[in-house]
Amino acid sequence: MKNKWLLLSLCAGYSFVLCAQNPENDPVLMKVNGKSIKKSEFEYIYKKNNQQQTDPKSLDEYVELFKNYKLKVAEAEACGLDTTRSFRTELAGYRAQLVQPYLVDREMDDRLAKEAYDRLKENVEVSHILFRVNPGMTDVEKEKVYQKAKSVLERIRKGEDFGKLAREYSEDPSVKQNGGYLGYIGGFMTVYPFETAAYTTPVGDVSEPVLSQFGYHLVKVSDRRPDPGERLTAHIMLMLPSNASDEVKKEKEKQIREIYQQIIQGADFAELAKEKSEDKNSGQRGGELPWISTGRIVKEYEDAAYALKNKGDVSQPVLSPYGWHIIKLLDTRGLKPFEELKPDIMRRIGRDERSNKGQKSLIEKLKIEYAFNMNVGEKAKLEKFAAETNPMDTLFLNNISKDQSVLFSLDGRDWTVADLGNFMKNSKSAQGAFHGDNVAYLNKQIDAFVDNEILHYEDTKLELKYPEFRNLMNEYRDGILLFDISNREVWEKASNDVAGLQKYFKAHKKQYTWDQPRYKGYLVQCDDKALVKTIKKRIKSLPADSVVFYINKEFNTDSIKHVKIEKGLFQKGDNKKVDNLAFKEGELSVDEKFPVVFIVGKMLKKGPEAYTDMKGQVTADYQNYLEKIWVQNLNKKYPVEINKDVLKTVNVQ
């Protein structure tokens, strides 16, 4: 069977170009069984195929190939293969992946990627005070937290000490140890709202209260510096529990300094790490740790590692909260170029609060493009109803699910209050999301409903708006159908047609001759010469396809093996034992466990005696033969019209 992914491989490596095309500039090039094929689709596939071929086809050659391709698709459609559940499911799966780049504002995504890259170039030294906001809080309760943060900010701006107020007010558990000081941070090291506050607040200033998933933060910026890059280090570590006695502390310090002296005197760092480091994971690798960047490891280790300037430099013993370290600098690297790092940046953006900004931006643009209009009167009625009745109650949902009043319009189409009700009944986001503020909850559901419907509507327009998307979907669709119909009419048919294969081989036997003879049969090795006659007799009595199975079954057990047997069509050089026994060349090597070696079979001097001797090649040739006949019949079965005038205008560059 052919590989489906080879047939569909043209769809890989696709680069999107968002542009609309005037239908007048995209005339019908060809009709196959009455179905129109546009010039743009032909140009798209022609250019893509020719770019991937080592032997590009001329335009006339490709027109013939393209016509036959479309004839096979027409046959698949006539057989109803485009209506099967498996086809629809597979095509829907492809489409779900392909639409993603079209359902975001890629200009916004590009800006976010560039912003993230610029932030990776710089570290910001920050402290913060956290005022927690819990998921169950109402908007009124959140406002109280915000005002509390504002009042503390005013005290800071009047000169009160930030660290003192952090210890008094911050709800970050680490504040007792650090007084709100977080050190230097880089891009992607904190939640996005916090990161933005850190990178947009001037040095020496404190931000306005900024809301993250944890609550409101006051962010103080103390310094900025260029990102120092990454360090690859190794260490030798002696662990020191926080509750260690003074005696243990002195002993550990003595041991680490003795190790340091050995290194200074020329001892091998990696060998000492393997022998003496109490960090066993890194010790096995000669002390090597993963690449580190600023803010990713305890400050004491980071400061010592970044103080090392040259590869091979070793630090003096450094004490961290975890114990003593001797650090060796193995390598350094700076930030990769933007284009090289962009795919990783986009993956990381997809995992934080930035992930939906591109989609939100697109929705706002689509509202303008499709003249979105919210019926404020109906929305006000819903808000009034929600203020009186829990919007998650069956009473509320059943009532609005019957209301055919227009809630909003888009591109001349209307969505009703009933549509909102059905969305709220079926939406997972609406379940378990109620926190006490009826109207606020309702408005969140309305916003989610509007966003969902706008994106769904845009999804339905993609084939009309973007020719390249339409062409790619056509390619996927036809590729699936081509695979299924070819499998039915050629590949499986040929593989299972034993009589046809035999007949084809007999008619074309002369083309399968070979220059050198082959030995067709069995190579047998056994542990007792007395078995030879019995095994030979048994081989001759068994069906050819079952010999190996039955010989192994009859002469071997799970615990004792008396015979080794190998079936093949051996050419000189394939097997040294067969070379000696059949071709009389070389020496016979003998296995001590199976000292008796013999062959059973025949020498084929000029070529195969049956199609099974060259089954793979014969099957492939028979498939090509069946396909040729099939295509001839399809050309007779379905009408094809080619517009020669349009063909002359095809751009082949």
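The rules behind the values
- Residues numbered from 1 in each chain as written.
- Predicted model: local features only at pLDDT ≥ 70, side-chain atom pairs only at ≥ 80, totals over all residues.
- Heavy atoms only, no water.
- Helix = DSSP H or I, 4+ residues; strand = E, 2+ residues; numbered from the N terminus.
- Contact = heavy atoms within 4.5 Å.
- Pairing = 2+ DSSP bridges.
- pLDDT = per-residue confidence, 0-100.
- Phe/Tyr/Trp six-rings, centres within 6.5 Å; stacked < 30°, edge-to-face > 60°.
- Buried < 20%, exposed > 50% of the residue type's maximum accessible area, 1.4 Å probe, protein only.
- Salt bridge = Lys/Arg side-chain N within 4 Å of Asp/Glu carboxyl O.
- Arc of directions from axis to C-beta.
- Axes fitted to C-alpha atoms, helices over the stretch in contact; angles between N-to-C directions.

Examining the environment of methionine 239
Item 1. Assignment of secondary structure puts methionine 239 in strand 7 (residues 230-239).
Item 2. The spatial distance from the C-alpha of methionine 239 to the C-alpha of glutamate 90 is 55 Å, given a sequence separation of 149 residues.
Item 3. In this structure methionine 239 touches Lys252, Glu278, Asp279, Tyr322 and Gly323, once residues within four positions along its chain are discounted.

Side note on the pairing of strand 9 (residues 323-333)
Successive side chains on a regular strand alternate, one facing one side of the sheet and the next facing the other.
Item 1. Alignment of strand 7 against strand 9, held across 10 bridges, turns out to be antiparallel. When the bridges of strand 9 are listed, methionine 237 appears paired with histidine 325.
Item 2. The sheet contact formed by strand 8 (residues 318-320) and strand 9 spans three bridges and is antiparallel. Within strand 9, the residue paired with valine 318 across the bridge is histidine 325.
Item 3. Linking strand 8 to strand 9, which pair antiparallel, is a turn of two residues.

So, the pairing of strand 6 (residues 215-226)
Item 1. Pairing of strand 3 (residues 122-132) with strand 6, which is carried by 11 bridges, proceeds in the antiparallel orientation. Bridge pairing in strand 6 links leucine 130 to histidine 217.
Item 2. Across two bridges, the pairing between strand 5 (residues 210-211) and strand 6 is antiparallel. Its bridge partner lying in strand 6, leucine 211 is registered against tyrosine 216.
Item 3. Turn length for the strand 5-strand 6 hairpin, with the two strands adjacent in sequence and antiparallel, is three residues.

What about the confidence of the model for the protein?
Item 1. The pLDDT averaged across the protein works out to 91; a share of 94% of its residues lies at or above 70.
Item 2. Per-residue pLDDT stays below 50 along residues 1-21; that stretch engages in 52 contacts with residues further than four places along the chain or on separate chains.

Quick notes on the packing of aromatic side chains
Remark: the centre distance and the inter-plane angle together describe each pair of aromatic rings, the angle taken between the planes.
Item 1. As enumerated under the stated definition, the model contains 24 aromatic pairs in all.
Item 2. The interplanar angle of 90° and the centroid separation of 5.1 Å between the aromatic rings of phenylalanine 42 and phenylalanine 66 together place this pair among those described as edge-to-face. Of this pair, phenylalanine 42 sits in helix 2 (residues 39-52) while phenylalanine 66 sits in helix 3 (residues 59-78), and the two are 24 residues apart along the sequence. The residues phenylalanine 42 and phenylalanine 66 share a single accessibility class, namely buried.
Item 3. Centre to centre, the rings of phenylalanine 385 and phenylalanine 396 are 4.8 Å apart; their planes meet at 25°, and the pair counts as stacked. Of the two residues, phenylalanine 385 sits in helix 16 (residues 376-388) while phenylalanine 396 sits in helix 17 (residues 394-400), which places them 11 residues apart along the sequence.
Item 4. A residue is classified by how much of its surface remains accessible, and phenylalanine 385, at 22% relative accessible area, is partly exposed.
Item 5. A connected cluster of aromatic rings, assembled from ring pairs, spans Tyr370, Phe372, Phe408, Trp415, Phe423, Phe449 and Tyr457.

Quick look at the pattern of salt bridges
Item 1. One pass over the structure, following the stated rule, counts 48 salt bridges.
Item 2. Measuring nitrogen to oxygen at the nearest pair gives 3.0 Å for the salt bridge that ties glutamate 208 to arginine 157. With glutamate 208 in the loop between helix 9 (192-200) and strand 5 and arginine 157 in helix 6 (residues 139-157), this pair connects stretches of sequence that are 51 residues apart.
Item 3. According to the relative accessible area criterion, arginine 157 is partly exposed, its value standing at 43%.

Here we look at helix 11 (residues 269-276)
Item 1. Regarding helix 11, the residues found buried are Phe269, Leu272 and Ala273. Down the axis of helix 11, the sector holding all buried residues measures 105°, keeping them to one side.
Item 2. Of the surrounding elements, those touching the buried residues of helix 11 are strand 7, helix 10 (246-264), helix 12 (280-283) and strand 9.

Some words on unusual backbone geometry
Item 1. Residues other than glycine seldom take positive phi values, yet alanine 371 does so here, at roughly 50°.
Item 2. Secondary-structure assignment places alanine 371 in the loop between helix 15 (357-369) and strand 10 (373-374).
Item 3. Phi at aspartate 411 is positive, roughly 55°, even though this residue is not glycine.

A closer look at the sheet that holds strand 12 (residues 413-416)
Item 1. Read from one edge of the open sheet, three strands run 10-11-12, paired in antiparallel fashion. Since the sheet does not close on itself, it has two edges, and those belong to strand 10 and strand 12, each with one partner.
Item 2. Of the strand pairs in this sheet, strand 10 and strand 11 (residues 406-410) are connected by two bridges, and their pairing is antiparallel. By the bridge assignment for strand 11, methionine 374 is matched with phenylalanine 408.
Item 3. Of the strands in this sheet, strand 10 and strand 11 touch helix 16, which is tilted by about 140° from strand 11.
Item 4. Helix 18 (residues 417-426) contacts strand 11 and strand 12 of the sheet and is inclined by roughly 55° relative to strand 12.

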